[in-house]
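Each chain is listed here by its residues.
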Amino acid sequence: MNVWRFIYSGYSNPFNNMAMDMAMVDIYQRERVPIFRIYGWCPYSFSVGYSQKMNEVLDITACIKDGISFVRRPTGGGIIYHGNEVTYSVVLSSEDIGMPSTVKGCYKKICAFIFNAYCHYGLRPIFAIDSGQIKKEKSTLCFASFEDYDILINGKKIGGNAQKRHKGIIMQHGSIPLSLNYTPVLKYLKEKVYLSSQRTTDLITETGKEVSFDEFRDILKISFIETFGVQLKEGSLTSEEEKIVKAYEEQLIQEKNNVIRDS
């Protein structure tokens, strides 16, 4: 049985969270052991896609005034506000779970464990490409856009996923909302976005019951094991690995400071 490294890092600040995901690529390059990680955000924060310009998509002055944190992701896509959610990341290469050759095929393969976690609750998820009714739309906000392998429940998008590829290594992470209330934070976006409850949803709304972070974390972990037929070996980072994370964290903090200075 294929053995994966499992890291449960709990709640952390946005800079540490993204630094961890970036460091996992370096760690994989050294060890060639695939990694699955689950984490949360404290404080709640915006993450901005790699190709987005922070001061063009966010009102930086308003964010600073109101204490709203923001960080750049190493992956593409639109802005995400990370609130009451469970976030995951995986780092692997194609041979670890028999990945398809196409990017879209890889999304479908990796997202299967999230798909199956929803099925645990009796929900009927479907990929947008298979729905036959979802028209692709583009927005600076991730949850207002629709891509082929976004997961829909009852025709509404739930969460978002993004990838980075480097020398045959794939890092994918995703946001899975337990509850979703974007109304208070839409004012910080430069683009005027209306996020309709008819187009987006969350786990608590769809299940009709309270689902805690810890509960869904465990369901997600079990689903990962069952979906990919792997063994997860849990452990913390080594002191050397922590140094890699720290270096990336300092880099991300400096970028934020530069954006504030130039705003």
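Residues numbered from 1 in each chain as written. Predicted model: local features only at pLDDT ≥ 70, side-chain atom pairs only at ≥ 80, totals over all residues. Heavy atoms only, no water.

1. Here's the deal with the layout of surface pockets
Estimated volume of the largest pocket: approximately 530 Å³. Lining the largest pocket are 34 residues, and of these Gly77, Tyr107, Glu147, Asn161 and Ala162 sit closest to its centre. Listed by contribution, the elements that provide at least two residues to the lining of the largest pocket are strand 2 (35–41), strand 5 (80–82), helix 5 (103–110), strand 10 (160–166) and strand 11 (169–177). For the lining of the largest pocket, the per-class residue count stands at 12 nonpolar, 14 polar and eight charged. Here the second largest pocket defines a volume of roughly 260 Å³. Lining the second largest pocket are 15 residues, with Met22, Tyr50, Pro74, Lys164 and Gln251 sitting closest to its centre. If you list the elements that add at least two residues to the lining of the second largest pocket, you get helix 1 (14–31), strand 10 and helix 10 (239–262). (1 Å grid on protein atoms, 1.4 Å probe; cavity = no way out; pocket = protein on both sides within 12 Å on 5 of 7 lines; lining within 4 Å. Points joined across faces, edges and corners; volume = space filled by probe spheres on them. Helix = DSSP H or I, 4+ residues; strand = E, 2+ residues; numbered from the N terminus. Nonpolar A, V, L, I, M, F, W, Y, C, P; charged D, E, K, R; others polar.)

2. Regarding helix 5
Those residues of helix 5 that sit buried are Gly105, Cys106, Tyr107 and Ile110. In the core, the buried residues of helix 5 are packed alongside strand 6 (85–93), helix 4 (94–97), helix 6 (112–120), strand 10, strand 11 and helix 9 (213–228). (Buried < 20%, exposed > 50% of the residue type's maximum accessible area, 1.4 Å probe, protein only. Contact = heavy atoms within 4.5 Å.)

3. What about helix 10?
The end-to-end C-alpha distance of helix 10, which contains 24 residues, comes to 35 Å, matching closely the 34 Å that a straight helix rising 1.5 Å per residue would cover. Residues of helix 10 that are buried sit in contact with strand 1 (2–12), helix 1, helix 2 (54–57), helix 3 (60–66) and strand 4 (69–72). (Expected span 1.5 Å × (residues − 1).)

4. Here we look at the packing of aromatic side chains
Counting across every chain of the model gives 20 aromatic pairs. Here tyrosine 11 and phenylalanine 213 contribute two aromatic rings whose centre-to-centre distance is 4.7 Å and whose plane-to-plane angle is 35°, an arrangement assigned as tilted. Placement of tyrosine 11 in strand 1 and of phenylalanine 213 in helix 9 is noted, with a sequence separation of 202 residues between them. Note on tyrosine 11: relative accessible area 46%, which makes it partly exposed. (Phe/Tyr/Trp six-rings, centres within 6.5 Å; stacked < 30°, edge-to-face > 60°.)

5. Looking at the side chain of asparagine 16
By the secondary structure assignment, asparagine 16 is in helix 1. Given a relative accessible area of 18%, asparagine 16 falls into the buried group. In contact with asparagine 16, not counting residues within four places along its chain, are Val245 and Glu249.

6. Some points on the pairing of strand 4
Covered by surrounding structure in strand 4 are Ser69 and Val71 together with Phe70 and Arg72, the residues of both alternating faces. Two strands pair when backbone bridges link them, and strand 3 (residues 45–48) and strand 4 are joined in this way by four bridges, in the parallel orientation. Following the sheet pairing, valine 48 is matched in strand 4 by arginine 72. (Pairing = 2+ DSSP bridges.)

7. Some points on the sheet that holds strand 7 (residues 125–127)
Taken in spatial order, the three strands of this open sheet run 7-8-9, and their pairing is antiparallel. Both edges of this open sheet fall to strand 7 and strand 9 (156–157), since each of them pairs with a single strand only. Examined bridge by bridge, strand 7 and strand 8 (residues 151–153) share three bridges and lie antiparallel to one another. In the strand pairing of strand 8, proline 125 is matched with isoleucine 153. The sheet contacts of helix 6 involve strand 7 and strand 8, and relative to strand 7 the element is tilted by about 155°. (Axes fitted to C-alpha atoms, helices over the stretch in contact; angles between N-to-C directions.)

8. Things to note about the pattern of salt bridges
Tallied over the full model, the rule gives 13 salt bridges. Residues aspartate 148 and lysine 104 are paired through a salt bridge, measuring 2.6 Å at the closest nitrogen-oxygen approach. One end of the pair, aspartate 148, is in the loop between helix 7 (128–131) and strand 8; the other, lysine 104, is in helix 5, with 44 residues separating them in the sequence. With relative accessibility at 13%, the residue aspartate 148 sits in the buried group. (Salt bridge = Lys/Arg side-chain N within 4 Å of Asp/Glu carboxyl O.)

9. A short note on the environment of isoleucine 170
You can see isoleucine 170 is positioned in strand 11. According to the relative accessible area criterion, isoleucine 170 is buried, its value standing at 4%. As a C-alpha pair, isoleucine 170 and serine 145 span 25 residues in sequence and 22 Å in three-dimensional space.

10. Considering the nonpolar core
Grouped together as the largest cluster of nonpolar side chains are 40 residues, with contacts concentrated most on Trp4, Phe36, Phe113, Tyr118, Phe216, Leu220 and Phe224. Here this core takes six residues from helix 9, the largest share from any one element. Residue contacts for phenylalanine 216: discarding those within four places in its chain leaves Val86, Ala117, Tyr118, Tyr121, Ile176, Leu178, Leu203 and Val211. Counting residues in each nonpolar core, the second largest holds 25 residues, with Cys63, Phe70, Leu141 and Tyr182 among its members. (Core = buried A, V, L, I, M, F, W, Y, C linked by side-chain atoms within 4.5 Å.)

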